[in-house]
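Examination of the molecular architecture
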Amino acid sequence: EAQEEVETLLTEDFGGFTDTGKSMASKCDSYFSVPGWSGSNLYSEGGKMRIGAGTYAGNAVTPVLTSDKRVVVQVIASLYDSSDTGVAMTFSYIKDGEEIEICTRKVKEAGKVQFSFLPGGDFKLKISTKDATGKKRVVVNRLTVSERLGFQSELIKSVETEETSY
């Protein structure tokens, strides 16, 4: 069996997010391991990134990445608090000034979200929270964006067919 080639475009473990409850949105480059991030309602949570506030949704946007191959995104995330039920994480990419939604996943407990897409050149990945009930917070403790060379659709289901119990 041949090894699948993987090229990592971005890995973030949020190791710079050492404080708890500290707003990071205005100082992104000081805390992320790679410069160029932006966002709103981002907070440090002891080595993890919280997206969203008690009553406000939030988002995190990666620096510009480039790929003409299939890109696989893996995110390890959890609810911030047990009162944050039904929070959805929406994943989109920004290309040539246009935001294109990839998928939305409900966050129920700690777990991994994994999906793939074809960006076709330069793009930024955007992770947003949204919820109609008021609480809009998730905690992300790892993000990996990689290219799969010789990508096998059987190994990772496409966005259209993936059913994640998350």
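Refer to the preceding data block for the structure.
Notes on the structure follow. (Residues numbered from 1 in each chain as written. Predicted model: local features only at pLDDT ≥ 70, side-chain atom pairs only at ≥ 80, totals over all residues. Heavy atoms only, no water.)

1. A few points about the packing of aromatic side chains
- Summed over all chains, the structure comprises 11 aromatic pairs.
- What links up through ring pairs into an aromatic cluster is the set F14, F17, Y31, F32 and W37.
- Here R50 stacks its cationic end above the ring of Y43, 4.3 Å away from the centre of that ring.
- In this arrangement the basic side chain of R50 is found over the ring face of Y80, its NZ or CZ atom lying 4.4 Å from the centre. (Phe/Tyr/Trp six-rings, centres within 6.5 Å; stacked < 30°, edge-to-face > 60°. Lys NZ or Arg CZ within 6 Å of the ring centre and 35° of its normal.)

2. Some words on the environment of E45
- Among the secondary structure elements, E45 is positioned in strand β4 (residues 42–45).
- Judged by its relative accessible area of 13%, E45 falls in the buried class.
- When the C-alpha positions of E45 and Y80 are compared, they lie 9.2 Å apart, and in sequence the two are 35 residues distant.
- Ignoring sequence-local partners within four residues, the contact set of E45 consists of F17, D19, T20, G21, R50 and Y80.
- Reaching out from E45, the side chain makes a polar contact with the side chain of R50 at a distance of 3.0 Å. (Helix = DSSP H or I, 4+ residues; strand = E, 2+ residues; numbered from the N terminus. Buried < 20%, exposed > 50% of the residue type's maximum accessible area, 1.4 Å probe, protein only. Contact = heavy atoms within 4.5 Å. Polar contact = N/O pair within 3.5 Å; in protein donor to acceptor, adjacent residues only side chain to side chain.)

3. Points about the pairing of strand β13 (residues 138–149)
- Counting buried residues in β13 gives 9 out of 12 residues, a clear majority hidden from the surface.
- Across 7 bridges, the pairing between strand β1 (residues 5–12) and β13 is antiparallel. For E5, the partnering residue across the bridge sits in β13 and is L149.
- One ladder, built from 3 bridges, connects strand β5 (residues 49–51) with β13; its direction is antiparallel. Bridge pairing links R50 to V139 in β13. (Pairing = 2+ DSSP bridges.)

4. Overview of a negative patch on the surface
- Together, D68, D96, E98 and D122 make up a negatively charged patch on the protein surface.
- Its location among the elements puts D96 in the loop between β9 (87–95) and β10 (98–107). (Patch = residues over 30% accessible without salt bridge, like charges linked within 9 Å, V, L, I, M, F, W, Y side chains within 5 Å. Areas by Shrake-Rupley, 256 points an atom, 1.4 Å probe, with all protein chains shown as cover. Salt bridge = Lys/Arg side-chain N within 4 Å of Asp/Glu carboxyl O. Lys, Arg positive; Asp, Glu negative; His and termini not counted. Charge placed at Lys NZ, Arg CZ, Asp CG, Glu CD.)

5. Remarks on the nonpolar core
- Judged by nonpolar contacts, the single largest core of 35 residues is most densely connected at M49, V73, M89, F115, F117 and L143.
- Secondary-structure elements contributing two or more residues to this core are α1 (28–31), β5, β8 (71–79), β9, β10, β11 (111–117), β12 (121–130) and β13.
- No other element matches the 5 residues that β8 contributes to this core.
- Not counting chain neighbours up to four residues away, the residues in contact with L143 comprise L10, T11, E12, F14, W37, T62, V73, Q74, V75, L125 and I127. (Core = buried A, V, L, I, M, F, W, Y, C linked by side-chain atoms within 4.5 Å.)

6. Here's the deal with the pattern of salt bridges
- What the rule picks out here adds up to 3 salt bridges.
- For the salt bridge of E45 with R50, the shortest nitrogen-to-oxygen distance reads 3.0 Å. Across this residue pair, the class does not change: E45 and R50 are buried.
- Salt-bridge contacts for K126 lead to E99; the nearest nitrogen and oxygen are separated by 3.1 Å. Separated by 27 residues along the polypeptide, K126 in strand β12 and E99 in strand β10 bring together distant segments of the chain.

7. What to know about unusual backbone geometry
- In this structure, F14 takes a positive phi of about 60 degrees despite not being glycine.
- By the secondary structure assignment, F14 is in the loop between β1 and β2 (20–23).
- Looking at F14, the relative accessible area reads 1%, which means it is buried.
- Unlike most non-glycine residues, D96 shows phi in positive territory, near 55 degrees.

Bear in mind that shape data such as this cannot, by itself, settle questions of function.
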